[in-house]
Number of protein chains: 4
Amino acid sequence: MKTIVIHAARDLRIEDGDTAPPGPGQVQIAMATGGICGSDLHYYNHGGFGAVRLREPMILGHEVAGHITELGAGVTGLKVGQLVAVSPSRPCNACKFCLEGSQNQCLNMRFYGSAMPFPHIQGAFRQVLVADASQCAVADGLTAGEAAMAEPLAVTLHATRRAGNLVGKSVLVTGCGPIGILCILAARRAGADRIVATDLSDFTLGMARQVGADETINMKDDPEGLARFTPDKGTFDVLYECSGAAPALSAAIMAMRPGGTILQLGLGGDMTLPMMAITSKELSLKGSFRFHSEFFTGVSLMQKGLIDVKPLITQTVPLDRAVEGFETASDRTRAIKVQISF
Amino acid sequence: MKTIVIHAARDLRIEDGDTAPPGPGQVQIAMATGGICGSDLHYYNHGGFGAVRLREPMILGHEVAGHITELGAGVTGLKVGQLVAVSPSRPCNACKFCLEGSQNQCLNMRFYGSAMPFPHIQGAFRQVLVADASQCAVADGLTAGEAAMAEPLAVTLHATRRAGNLVGKSVLVTGCGPIGILCILAARRAGADRIVATDLSDFTLGMARQVGADETINMKDDPEGLARFTPDKGTFDVLYECSGAAPALSAAIMAMRPGGTILQLGLGGDMTLPMMAITSKELSLKGSFRFHSEFFTGVSLMQKGLIDVKPLITQTVPLDRAVEGFETASDRTRAIKVQISF
Amino acid sequence: MKTIVIHAARDLRIEDGDTAPPGPGQVQIAMATGGICGSDLHYYNHGGFGAVRLREPMILGHEVAGHITELGAGVTGLKVGQLVAVSPSRPCNACKFCLEGSQNQCLNMRFYGSAMPFPHIQGAFRQVLVADASQCAVADGLTAGEAAMAEPLAVTLHATRRAGNLVGKSVLVTGCGPIGILCILAARRAGADRIVATDLSDFTLGMARQVGADETINMKDDPEGLARFTPDKGTFDVLYECSGAAPALSAAIMAMRPGGTILQLGLGGDMTLPMMAITSKELSLKGSFRFHSEFFTGVSLMQKGLIDVKPLITQTVPLDRAVEGFETASDRTRAIKVQISF
Amino acid sequence: MKTIVIHAARDLRIEDGDTAPPGPGQVQIAMATGGICGSDLHYYNHGGFGAVRLREPMILGHEVAGHITELGAGVTGLKVGQLVAVSPSRPCNACKFCLEGSQNQCLNMRFYGSAMPFPHIQGAFRQVLVADASQCAVADGLTAGEAAMAEPLAVTLHATRRAGNLVGKSVLVTGCGPIGILCILAARRAGADRIVATDLSDFTLGMARQVGADETINMKDDPEGLARFTPDKGTFDVLYECSGAAPALSAAIMAMRPGGTILQLGLGGDMTLPMMAITSKELSLKGSFRFHSEFFTGVSLMQKGLIDVKPLITQTVPLDRAVEGFETASDRTRAIKVQISF
């Protein structure tokens, strides 16, 4: 069985790994597809992000789908051959946050492909995966590529839930990588009216329009492009901040309407923010991190045709060209989501 | 100019009315289309409902759209010839509820075609209407019939806002008249996942499925049809109660999930409810009444193609056959929304 | 060891029971005080309530406090001799509702002294109790009587949390038994401004004033006493309905302000309600049932002197006069909370 | 009539001003007491703050109370001789924010003693003031000094409403000037359990403990004092940030519990914040600005003895020693609130 292992910045290897039979309550999965996420790219390009650094080799990957090959003892509701999207989130369901229903804040989280604890939590870019049955969302009717989009979609649905009711709301999305594009789809699905998106790449902004943004602004070409939304204290009810860049957030804050809500999804370091505007306009800046039940919600909405993620999958490469896939995914002028076929 | 006047139960007359030029801030409108609402039918069939009774002749109608024929002094943003949906809601914008942003609770509300105060508030089923510019939503790109649906759509969008975030939620709709059908559209637009609808008419349930309900139950044929949703304390996160009938609400309560939300839109008299279930499952039963800004939201969502109300318009009759229209509209086996062409 | 056992309506016996050593994670408690609750009285006077009926003898009691006499293996944070309030709520912490943080909706709840499942869940009116350490709130600085009030106090704090922010709000309490009186204390603690209380007993209304109600109305003497709160669509922002009586709730609904919130704590059977007022005033009627973390909150607030429950403890009787205690507790003209000393 | 006029930084003069009779709906007030606010101090010490700068002489003051000396035409509910707290907030009640119930965001706000628009809005440090009757809260039973505290109290009650339900919550207050101290009182009144406060001055921290803080930390002496609250992802449910200082906010963020709420009241310039912690712990950072109905709420709670602001009034100086008052108020080692007696 092959796995995709990061050893250090720009040292990505395809290596042999061990397989195991499924234990009780588990299933064995022949991996079909894995999507490359921004955090995978951070490990690949920089060996980590912020205080999270690689300290030992780690299998990457947490956006995966595959077919069940074997059921462990006691598993019901799944069958061999079925396509499943596999949630990378494994909370303990016993700590205080889990027992408050905040599983994404679990004190003992084992999230695939994460260097946060040590030893690192190995990821799911592997040809054979043993997972808990409870991680699996049956994905009948979807392609493996769509199913592998369940994870980033869940991130944006989680943020959307934190936004409250979006019906008729005016929405701004800053940063049109995969998460930003999915935020557009999620906001539209949740009833948003006007959606404006910003980025520095014409390619990603083209995708933003394709999936439903009403207007886009290339902030490189038009740095004052949000100025027309600032009169009368601002326009937007909701901001999905997906860039992790302080200038994007700061400019957006000036275009927010009093009482507006900012969902911070983009991960960056420290940011310098115009607090006077946040305070005097009474904005609500809310962090949004990962997801829980939204993983299953996303699969169901895709199955019903209510969210279509197919346009986002801009490239698919075979396993032996994984490094090329990581290079392509790093290029915002031609890729949104790059997936690896196992 | 012709108007449609109710004199008493089943005494509906087409009568001449006076026209007037638009005052400052007003526009004159050549009415195109008017939809017959459940309250119009109550006046027609019963002379009122509950404590609200006709005491003098009253022009009916509050779901209307037409073309602007003249602008009063100081009106900007509108032009002659434009199709506009006209909101029947005229709050005072000065009472304590208006100044809290609850215009639908205005103490001095003058809602078209309402016998609640005396003298009654005359309605908008008239060939020429003078309205405030602020009541008008420009409806470019819509048919007059669609534009005239803005009012009932707004009722359901208002309820949807009161429901909180609906993304991935499981929704039940009881009562599939025009409001129930629009609730299905609104819930779907707001991100609901599973939608189940109940009624007593196969015709309306067919419409429910056509606009997006996943399952329907004819409670006349299958009175225990909700029983399969009651295990583990119940299934539905949200109920739109649009029947105004206590048996429908009571059965639905048993199928609600703990912590679920009930939007009560249906207007009925006193109802006997299973309070033990409401209390022990900690349900939230919320009244939902009329709308405010949602009128403009609905027009915008229709213009973007995000909500399609056309299937609901099952019949359109000319003004001189208005009585026939009221008869048709009263028959749930063949009509959802009947509109009158002026 | 003595226990208080209900065999049938009005057949309450003091019987010998067995003791056991504490298991791992458990403690043994010498019971000091137990309060008689409304549900205990229902079993005593009527053999149950609604569909909940006695089918076998059951030890009553779920409002208890005592001193730790022995620690089981692995217990930390508690010590022998300590006074603890013991939560009667034992959720499974594994079902779907527990994992959403709604432990009070646990599918496998084992709540002391409850005839809801069969075999019944035996209660805590016993001289020696073995409980999980996690049920115990250290009550240093409180009397055993105060500590035994933690349970009903938690019920009202839970309802108060469901009310949202109460700062400056106008509050109505209907029904001034122990729960109603504690609601007055809880609402006051949460920042309510005006508090009005209703009941049919001058005795309980006197207690309401003593603990902080601004006004009281005896609805027997003054059935129209709430009429002065109905102009301009009503006055109260929040209602704590603690009577379980439809006439009380119906009258209160007419005095509620548009957009107001009703917490339904009182347990009754079916109720006939003025739905037109609920709908048109857009009230939110929320069931409130039991509690979870609020048990510990209540003990802490009592310890800080922020809530004083002592005035409510109107009588304390020794164990051998328990029947007399139940009789006294049934008499609203002279008792709020009757406690039994073990 | 004397007024207190700021001409430039450290150029404060007592000058003669004109009086006028009250117009319709207005009252004339003989000023009794005015409190010196942080923004008054900014004008006095620095000529403004951030982009808000003095451009012409301006009467300072917006925390005032006095006795009615004359009623204008049509005024009801007030009488000559009455003590009233005067709200400095004069929204237009006609712009879009006012009509949404967000009067504190009014596009045409005329808030006493504010250099934000030009010409500046003159303030209320004047011996005779003509105000709208709707600005006046009858303050029977309070001292003029207490009544003049209604304005800063309202600021903290507004923030407290934005915090949601506080019952049993763990609260941190950073910055113990008058606003921070009032936040302690407001949080306590709203049901908070544990309250911890930080500042750099032992004097203000002593006041914090006096009005109810459970613990205080002098961050100058103990810069790591919040570290003991950071394990398990943090402790505090709610933070009232009243310092306007980025280091205070940043340290507090690390001590916040996942899902916690930060109320930003302190006004500072741009701040550099640990966004990774905000995002991953899903904190909600909410600006809180001024107040609206909370002005009247605060007066009522003070009248009922539910909030006691008297300890905060550390100095009162006569009008002719106003400059000395401003100097004293600038010294956090000996003053919380300095008031001027007119």
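Calculation notes
Residues numbered from 1 in each chain as written. Chains lettered and ligands numbered in written order. Predicted model: local features only at pLDDT ≥ 70, side-chain atom pairs only at ≥ 80, totals over all residues. Heavy atoms only, no water. Domains from an automatic or database assignment. Contact = heavy atoms within 4.5 Å. Buried area = accessible area lost by both parts, 1.4 Å probe. Pairing = 2+ DSSP bridges. Helix = DSSP H or I, 4+ residues; strand = E, 2+ residues; numbered from the N terminus. Buried < 20%, exposed > 50% of the residue type's maximum accessible area, 1.4 Å probe, protein only. Salt bridge = Lys/Arg side-chain N within 4 Å of Asp/Glu carboxyl O. Polar contact = N/O pair within 3.5 Å; in protein donor to acceptor, adjacent residues only side chain to side chain. Least-squares fit on C-alpha atoms with pLDDT ≥ 70 in both. Axes fitted to C-alpha atoms, helices over the stretch in contact; angles between N-to-C directions. Parallel < 35°, antiparallel > 145°, perpendicular 65-115°, else oblique. Left-handed = near helix turned anticlockwise from the far one by under 90°. Nonpolar A, V, L, I, M, F, W, Y, C, P; charged D, E, K, R; others polar. Phe/Tyr/Trp six-rings, centres within 6.5 Å; stacked < 30°, edge-to-face > 60°. Lys NZ or Arg CZ within 6 Å of the ring centre and 35° of its normal.

Brief notes about the domain arrangement of chain A
Accessible area lost during the coming together of the parts is what is often quoted as the interface size.
All names here are of chain A.
Next, step 1: Looking at the assigned domains, one finds that chain A contains domain 1 (2-149 + 309-341) and domain 2 (155-287).
Next, step 2: Between domain 1 and domain 2, the C-alpha centre-to-centre distance is 28 Å.
Next, step 3: Contacts between the two partners involve 12 residues from domain 1 and, on the opposite side, 14 residues from domain 2.
Next, step 4: Carbon and sulfur atoms supply 73% of the area that domain 1 and domain 2 bury against each other, a total of about 1,000 Å² over both sides.

Here we look at the sheet that holds strand E1 (residues 2-8) of chain B
All names here are of chain B.
Next, step 1: Strand order in the open sheet formed by three strands is E2-E1-E6, and the pairing between neighbours is antiparallel. Looking at strand neighbours, the two that pair on one side only are strand E2 (11-16) and strand E6 (58-59), the edges of this open sheet.
Next, step 2: The sheet contact formed by E1 and E2 spans six bridges and is antiparallel. Its bridge partner lying in E2, Ala8 is registered against Asp11.

Quick word on the environment of Val171 of chain A
Residue and element names in this part refer to chain A.
Next, step 1: Along the chain, the position of Val171 falls in strand E11 (residues 171-174).
Next, step 2: With relative accessibility at 0%, the residue Val171 sits in the buried group.
Next, step 3: For the pair formed by Val171 and Ala197, sequence separation is 26 residues and the distance between their alpha carbons is 8.4 Å.
Next, step 4: Beyond its immediate chain neighbours, meaning those up to four positions away, Val171 contacts Leu166, Ala187, Ala192, Arg194, Ile195, Val196, Phe236, Val238 and Tyr240.

Some points on the interface of chain A and chain D
Next, step 1: The interface of chain A with chain D comprises 40 residues on the first partner and 40 residues on the second.
Next, step 2: For the pair chain A and chain D, the two sides together bury roughly 3,400 Å², of which 56% comes from carbon and sulfur.
Next, step 3: Of all residues in chain A, Met275, Met276 and Glu282 of chain A bury the most surface against chain D, accounting for 19% of the area lost on that side.
Next, step 4: Between Arg257 of chain D and Glu100 of chain A there is a salt bridge; the shortest N-O distance is 2.6 Å.
Next, step 5: The interface formed by chain A and chain D holds 20 residue pairs in polar contact (both at pLDDT 80 or more) in total.
Next, step 6: Elements that contribute at least two residues to the side of chain A that touches chain D include exactly helix H3 (150-162), strand E15 (256-264), strand E16 (271-273), helix H7 (275-280) and strand E17 (284-287) of chain A.
Next, step 7: Of the residues forming the side of chain A that touches chain D, the biggest block, five residues, is contributed by H7 of chain A.

Overview of the pattern of salt bridges
Next, step 1: Under the counting rule described, the total for this entry stands at 72 salt bridges over all chains.
Next, step 2: Across the salt bridge formed by Glu63 of chain A and Lys337 of chain A, the nearest N and O atoms sit 2.9 Å from each other. Here Glu63 of chain A is found in strand E7 (residues 63-71), whereas its partner Lys337 of chain A is found in strand E19 (residues 337-341), with 274 residues between them in sequence.
Next, step 3: Here Arg194 of chain A ties to Glu215 of chain A by a salt bridge, and the two come within 3.0 Å at their closest N and O atoms. Of the two residues, Arg194 of chain A sits in the loop between helix H4 (178-189) and strand E12 (195-199) while Glu215 of chain A sits in strand E13 (residues 215-218), which places them 21 residues apart along the sequence.
Next, step 4: Arg194 of chain A sits in the partly exposed class, given a relative accessible area of 32%.
Next, step 5: A single salt-bridge network, built from bridges that share partners, covers Arg188, Asp193 and Asp214 of chain A together with Lys304 of chain B.

Section: the relation of the copies chain B and chain C
Next, step 1: For these two chains of identical sequence, chain B goes onto chain C by a turn of 180° and a shift of 0.0 Å along the axis, with RMSD 0.0 Å. Here the copies are linked by what is in effect a two-fold axis. Proximity to the rotation axis, assessed at the C-alpha, singles out Thr272 of chain B in chain B; its C-alpha lies 1.9 Å from the axis.
Next, step 2: An overlap of 100% is found between the interface residues of chain B and their copies at the interface of chain C, pointing to a shared contact surface.

Some remarks on the sheet that holds strand E13 (residues 215-218) of chain B
Next, step 1: The strand order across the open sheet formed by 12 strands is E13(B)-E12(B)-E11(B)-E14(B)-E15(B)-E17(B)-E17(C)-E15(C)-E14(C)-E11(C)-E12(C)-E13(C), and the pairing between neighbours is mixed. Two strands close off the open sheet at either side, each with one partner strand: E13 of chain B together with strand E13 (215-218) of chain C. For this sheet, the mean inter-axis angle between neighbouring strands, taken without regard to orientation, is 15°.
Next, step 2: Strands strand E14 (236-241), strand E15 (256-264) and strand E17 (284-287) of chain B together with strand E17 (284-287) of chain C of the sheet are contacted by helix H3 (residues 150-162) of chain B, whose axis makes an angle of about 150° with E14 of chain B.
Next, step 3: This element, helix H5 (residues 202-210) of chain C, spans strand E12 (195-199) and E13 of chain C of the sheet and lies at about 170° to E13 of chain C.

Some words on the packing of helix H3 (residues 150-162) of chain D against helix H4 (residues 178-189) of chain D
Residue and element names in this part refer to chain D.
Next, step 1: Contact geometry for H3 and H4: axes closest at 9 Å, N-to-C directions at 55°. With respect to their mutual orientation, H3 and H4 come out oblique. Our pair here, H3 against H4, has a crossing hand that is right-handed. Of the residues in H4, those in contact with Pro152, Leu153, Val155, Thr156, Leu157 and Thr160 of H3 are Ile179, Leu182, Cys183, Ala186 and Ala187.
Next, step 2: Residue composition of the contact of H3 with H4, by class: nine nonpolar, two polar and no charged.

Considering the packing of aromatic side chains
To describe a pair of aromatic rings, you give the distance between the ring centres and the angle between the ring planes.
Next, step 1: On inspection of all chains with the given rule, the structure shows 28 aromatic pairs over all chains.
Next, step 2: With a centroid separation of 5.7 Å and 75° between ring planes, the pair formed by Phe295 of chain D and Phe296 of chain D is classed as edge-to-face.
Next, step 3: Judged by relative accessible area, which is 1%, Phe295 of chain D ranks as buried.
Next, step 4: Within the aromatic cluster, the residues linked to one another by ring pairs are Phe111, Phe291, Phe295 and Phe296 of chain A.
Next, step 5: Taking NZ or CZ as reference, Arg55 of chain B lies 4.1 Å from the ring centre of Phe118 of chain B, over its face.

A look at the side chain of His158 of chain A
Next, step 1: For His158 of chain A, the position within the fold is in helix H3.
Next, step 2: A polar atom in the side chain of His158 of chain A sits 3.3 Å from the side chain of Asn104 of chain A.
Next, step 3: If near-sequence neighbours (up to four positions away) are discounted, His158 of chain A is found in contact with Asn104, Ser288, Phe289, Arg290, Phe291 and Glu294 of chain A together with Glu282 of chain D.

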